[in-house]
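Descriptive structure summary
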There are 2 protein chains.
Amino acid sequence: MMLAAIYVTVMGIIFAKTMCHNLLMIPGPVEFTDTVLAAAGGQPMSHMDKSFAGQFGEAIELLRQVALTKTGQPFILAGSGSLGWDIFAANFIESGEHVLVINTGYFGDRFVDTFEAYNITVTQVHTTLPGTPPSLLDVESAIKAASVPFKAVTITHVDTSTGVLMDVKKVAALVRTLLPSALIVVDGVCSFGAESLFFDDWDVDFVLTASQKALGVPPGLCVVIASQRALSVLDARSTSVPSYYANLKKWLPIMRAYEAKTPAYFATPPVQLVQALQVSLLEILRGSDMAGRFAHHVEVSNYVKDKVESWGLKLVTTSREAEAHTLTAVYLPTGVTLPDLLPKVLKQGVMIGGGLHVNIAPKYFRIGHMHISSLNTSLGHIDTTLSAIQAALLETGYDVQKQMAEPEWVPRGKSSATGHDEL
Amino acid sequence: MMLAAIYVTVMGIIFAKTMCHNLLMIPGPVEFTDTVLAAAGGQPMSHMDKSFAGQFGEAIELLRQVALTKTGQPFILAGSGSLGWDIFAANFIESGEHVLVINTGYFGDRFVDTFEAYNITVTQVHTTLPGTPPSLLDVESAIKAASVPFKAVTITHVDTSTGVLMDVKKVAALVRTLLPSALIVVDGVCSFGAESLFFDDWDVDFVLTASQKALGVPPGLCVVIASQRALSVLDARSTSVPSYYANLKKWLPIMRAYEAKTPAYFATPPVQLVQALQVSLLEILRGSDMAGRFAHHVEVSNYVKDKVESWGLKLVTTSREAEAHTLTAVYLPTGVTLPDLLPKVLKQGVMIGGGLHVNIAPKYFRIGHMHISSLNTSLGHIDTTLSAIQAALLETGYDVQKQMAEPEWVPRGKSSATGHDEL
């Protein structure tokens, strides 16, 4: 009897272990809560159901709270985050007009490609060194040197390929001073809901994001928020919007109807994913105020960065001010390759990401740390991940112990100088 | 003890009843299987995970089987079905070129709007009477009268607004004879996977659909299949594709990579929905061959149509040959309104749809009958729905009994003449 009980218990543990998925610690998709997953797999419901309209409407209202805006207009569409680039280019800029792209990596390049698909003229500001953002002076010079005033300036808040953070507040203030009517655009795919963004206070005009990052919802939703200034620009177009599905003029009455808790139809929304978003937004806002959420992401990010630096590893980002708090991009030690390291980490049940920036892709790995993996410390995702990487490094022959000086759990600003001096 | 057991059983039944969702019998979203919903709410997984690549690749292969094509190229994107119109217009037709739209209702109008957004010149063939498709002669005349040969001819296979079915096989054969190199395009949103479509045999070039109809997956996926002829047209464009997200040149290497079970990245795919699609496609193809699936949809459709006609009601479609088998659109009896009828049906736990065609929207209702609700007779969805509508009609004061002559469960061609003579 006793043996049978032990057998059942052991088999139960093995079964649970087998059923567990690999801990997903890439810079999106992230780990989701069980309630969000239950909503994503929720029962069939009509997009014209009044109760769904209520949920959709609430998701729109909650998005405003997450963006810290009173007048911004959220749009929720079925699509990948990349659709957000098309939405901006197709609606707010007309063929032949000029925009400035502040390019911090792979995703800046992609935004440029999108503009070019719409025959929009692009000027870029960027540095050649991956991991380093352009300076404010570079941005100022580009604006002043332009023969035609830019209609918009785009900022990749966090470049997911390198972990570079742009100071949206400072850039927005500069642009607003030099170009009072320009649209300030934030690619918030790997930042929205985790990095500081005060849509109204910073006078931002457009932010785009995807569901599977800091919003904590399975991939499949493209979320954008447009300012009233942006909507006026849309309204004042002299040419028609060169897209049908991405035409916000079609979607605006739909979003307004759903917000009034009335179903309306343009294209069938992804019902279950919208319900999952509503659940996740409620959970996000129940957790703490947004300032608290931003601060916690900073704290965890510093902890991770201090730790990997204490192993003698070098970050891809080259200055503390330009470090994203949603991911950490780390150069591999000499002699260690991605095909060597990543499977060893995965073997321990943790998935981290490889490199993405075209110039240095094989040379670094990326750890995502956002949403519940960052906020809910009781889950232990961060330490599990760091331990798995540490063990995997040891297995490759890299002597982590030799380099280690256990960092304190303190904000990065207060950490010992040692870690940074080694860079 | 006995009483306690009875109490538990009764409470269990009440609980199950409370937890049940309303039976969704609109023309999409449809009812989904539990396994599909479990996949839609499945655990976090990276889009770059090898096992996900395997599932994505299998979904692509299975889509070919459902479309009955060996060489057609499926694409699976995050988006609503409507995105499929943009995908066709943006990739295969260039600004200023000419297309013919065979317009059978609301969704034909929408396809026209999409072409116009891309500055494409549209000629339309349509009848003014909702529920009646244009004739082959109309199509032939339009093609012969055109000053410039049409680059494509579009067919709404099933117009979801009226339940009109187009004979894709005959139209395709006619178009191929008159315009050998034209692209034959099927809007299969409310037909793909339920209505007869033999992609290769009928020499079709492009079909678009959405996940939430006869494919039995929650909304959020746009699925299109392009022929090799279509891909050659894309390859031979003289201008660039005026979209970024909808650019199939970007997606083609991604689909090929996933089909080779290798992850690749352009935009993050909706992982869980793709997994749900793979599960649903396996279930669809396990059920019967596609011909059997098509035939079963016909049989159930005839049963529903015979039944509502036996109540003295009139269908929106005006001929048997032009009746869709995925939905039934029915005129309300005199004196009965939608706001009167639909809530009475819903009260019994069944959701059916209102009218959608702009000319007659308040005058009719729509019953969806596809996928498991049509195929799995043991679920009883069809009879539950018909009983709910019958009871609701009686409640409105319409005397169904007076009109009733219980039809046999026989293919519509064999049903008694009575039902049809009353039209």
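What counts and what doesn't
- Residue numbers run consecutively from 1 along every chain, following the written order of its sequence.
- Whichever chain is written first becomes A and whichever ligand is written first becomes 1, with later ones labelled in order.
- Local features are withheld for residues below a pLDDT of 70 in this predicted model, meaning they are given only at 70 or higher, and side-chain atom pairs are given and counted only at 80 or more; totals for whole chains, interfaces and linings count all residues.
- Derived side-chain values reflect all non-hydrogen atoms in the structure, with water molecules and hydrogen atoms excluded from consideration.
- Any two strands are treated as partners once DSSP identifies two or more bridges connecting them.
- Helix and strand labels come from DSSP, where a helix needs a run of H or I of at least four residues and a strand needs a run of E of at least two; each type is numbered from the N terminus.
- Axis lines are fitted through C-alpha atoms, for helices just across the contact stretch, and the angle between N-to-C directions can take any value from 0 to 180 degrees.
- The contact rule is simple, with two residues in contact once any of their heavy atoms fall within 4.5 Å.
- Domain start and stop points were drawn from an automatic or database domain assignment.
- A 1.4 Å probe defines the accessible area here, and the buried area is the portion of it lost by two parts on being joined, summed over both.
- Salt bridges, as used here, are contacts in which a Lys or Arg side-chain nitrogen is within 4 Å of a carboxyl oxygen on Asp or Glu.
- The term polar contact refers here to a pair of N or O atoms within 3.5 Å; inside protein, the definition further demands a hydrogen-donor-capable atom paired with an acceptor-capable atom, and it admits residues adjacent in sequence only when both atoms are side-chain atoms.
- Just so you know the grouping, Ala, Val, Leu, Ile, Met, Phe, Trp, Tyr, Cys and Pro go in nonpolar, Asp, Glu, Lys and Arg go in charged, and all remaining residues, Gly too, go in polar.
- Exposure is judged per residue with a 1.4 Å probe applied to protein chains only, and the accessible area is read against the type maximum: over 50% gives exposed, under 20% gives buried, and values in between give partly exposed.
- UniProt positions are given in the numbering used here, feature names are shortened, and annotations may be inferred rather than shown by experiment.

This next bit is on the sheet that holds strand 9 (residues 206-210) of chain A. All names here are of chain A. Spatially, the seven strands line up as an open sheet ordered 2-10-9-8-5-3-4, and their pairing is mixed. Pairing within the sheet leaves two strands with one partner each, and these edge strands are strand 2 (73-78) and strand 4 (121-126). Neighbour-to-neighbour, the strand axes of the sheet open up by a mean angle of 20 degrees, direction not taken into account. The pairing of strand 9 with strand 10 (residues 221-226) spans five bridges and is classified as antiparallel. Across the sheet, the residue bridging to F206 is A226, located in strand 10. This element, helix 5 (residues 106-117), spans strand 3 (98-103), strand 4, strand 5 (152-156), strand 8 (183-187) and strand 9 of the sheet and lies at about 165 degrees to strand 3.

The next subject is the domain arrangement of chain A. All names here are of chain A. Here chain A is described as being made up of domain 1 (1-30 + 288-423) and domain 2 (34-285). Listed per partner, the contact involves 28 residues of domain 1 and 36 residues of domain 2. Counting the surface lost from both domain 1 and domain 2, the interface buries some 2,500 Å², and carbon and sulfur atoms represent 63% of this. There are zero salt bridges connecting domain 1 and domain 2. Where domain 1 meets domain 2, there are 13 residue pairs in polar contact (both at pLDDT 80 or more). Elements with a minimum of two residues in the side of domain 1 that touches domain 2: helix 11 (290-310), strand 11 (327-331) and strand 13 (364-368). For the side of domain 1 that touches domain 2, the leading source of residues is helix 11, giving four residues. Along the lines of polarity and charge, the residues of the side of domain 1 that touches domain 2 split into 14 nonpolar, 10 polar and four charged.

Right, let's get into the environment of B:M351. Along the polypeptide, B:M351 turns up in strand 12 (residues 350-351). Setting aside chain neighbours within four positions, we find B:M351 in contact with A:S46, A:M48, A:D49, B:L23, B:L24, B:M25, B:I26 and B:L346.

This part takes up the pairing of strand 10 (residues 221-226) of chain B. Residues and elements named next belong to chain B. Counting buried residues along strand 10, six of its six residues qualify, which places the element largely inside the surrounding structure. Pairing analysis gives six bridges linking strand 2 (residues 73-78) to strand 10, with the strands arranged antiparallel. Paired with P74 across the two strands is I225, which belongs to strand 10.

Moving on, we get to the UniProt feature "binding site: substrate" (unreviewed entry) in chain A. Residue and element names in this part refer to chain A. Mapped onto the present numbering, the UniProt feature "binding site: substrate" (unreviewed entry) falls at R366. Counting through the fold element by element, R366 comes out in strand 13. Residue R366 is classed as buried on the basis of its relative accessible area, which comes to 10%. Those residues in contact with R366 that lie beyond four places of it in its chain are M25, P27, T160, S161, L327, T328, A329, I352, G353, G354, G355 and L356. A distance of 2.7 Å separates the side chain of R366 from the backbone oxygen of T160, its partner in a polar contact.

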